[in-house]
Amino acid sequence: VVAVSLKKKKQNKNKKELLNEIVQSYHAMFREVLKASFEKQNTSEIAEKASRALFQKYRFHHEMLFEVIAIAGHDPEIKQSLKLEYEKDTKLLEEFIIKQREMGYFKTKIEPNTLAQLNIALYLGMAMKVIMGDDSAEIQRIWSNAIEAMISPGNNNKTQLPTS
């Protein structure tokens, strides 16, 4: 999907413009999947729906993202683009967590920003396992268990990651 879209737009674009489009497209897909999974009320359904889409349907996107992340280490423009998209992802997750907490679904006392960043870190780790060819059922099991552990009432530590 991304590759076809980029081929159509490729006319007269330089490498940085194409890389920025990959970054934006990947993160837009990520947020779209999250929003669709947020329609579910049950946290295990949310985790299941998101994992199916993110880890099976969008495998190619993961490989492209990790390549772009590597390039960003040497390119300030791509690094900035990744940072802006990461902030949008974190904000979306944070807003969802706050809403779920207000509705009484999330009982954890972990700060919403911290929980949002933990979810993104978990997702990137699981995406790496997909790229390495690990068993998808095992990846989904780990994802679901980790999400459940992060939002369960047993997490009473009030922790917050620094925001930049």
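Predicted, not measured: the structure shown is a model, and the values here were computed from it.

Explanation requested: the overall build of the protein in the structure shown.
Secondary structure assignment for the protein yields seven helices and zero strands. The secondary structure elements of the protein, listed N-terminal to C-terminal, are α-α-α-α-α-α-α. Taken across its 164 residues, the protein has 41% of its residues classed as buried. Accessible surface computed for the protein: about 9400 Å², of which carbon and sulfur atoms make up 54%.

Would you mind going over the confidence of the model for the protein with me for this structure?
Low pLDDT means the predicted coordinates in that region are not meant to be read closely. A residue-level look at the protein finds 72% of positions with pLDDT of 70 or above and a mean pLDDT of 77. When pLDDT is averaged over each element of the protein, helix α5 (residues 76-102) comes out on top at 90 and helix α1 (residues 2-9) at the bottom at 49. Residue range residues 155-164 is modelled with pLDDT below 50. Its contacts to residues more than four positions away, or to other chains, number 22 contacts.

Honestly, the pattern of salt bridges in this entry has me stumped. Any pointers?
Counted by the stated rule, this structure contains eight salt bridges. A salt bridge links K88 to E85, with the nearest nitrogen and oxygen atoms 3.1 Å apart. Remark: E85 and K88 occur in helix α5; sequence separation between them is three residues, near one turn of the helix. The class of K88 is partly exposed, set by a relative accessible area of 43%. In this structure, E138 and R141 form a salt bridge, with 2.7 Å as the shortest nitrogen-oxygen distance. With E138 and R141 both in helix α7 (residues 136-151) and three residues apart, this pair spans about one turn of that helix. For E138, a relative accessible area of 33% puts it in the partly exposed group. When salt bridges with common partners are traced through the structure, they connect R31, E85, K88 and D89 into a single cluster.

Quick question: what am I supposed to make of the nonpolar core here?
V68, L115 and L122 are the most contacted members of the largest nonpolar core, which has 34 residues in total. At the level of secondary structure, the elements contributing two or more residues to this core comprise α2 (15-37), α4 (59-72), α5, α6 (112-131) and α7. If you tally residues by element for this core, the top one is α2, at eight residues.

Cut-offs used in this document
- Residues numbered from 1 in each chain as written.
- Predicted model: local features only at pLDDT ≥ 70, side-chain atom pairs only at ≥ 80, totals over all residues.
- Heavy atoms only, no water.
- Helix = DSSP H or I, 4+ residues; strand = E, 2+ residues; numbered from the N terminus.
- Buried < 20%, exposed > 50% of the residue type's maximum accessible area, 1.4 Å probe, protein only.
- Areas by Shrake-Rupley, 256 points an atom, 1.4 Å probe, with all protein chains shown as cover.
- pLDDT = per-residue confidence, 0-100.
- Contact = heavy atoms within 4.5 Å.
- Salt bridge = Lys/Arg side-chain N within 4 Å of Asp/Glu carboxyl O.
- Core = buried A, V, L, I, M, F, W, Y, C linked by side-chain atoms within 4.5 Å.

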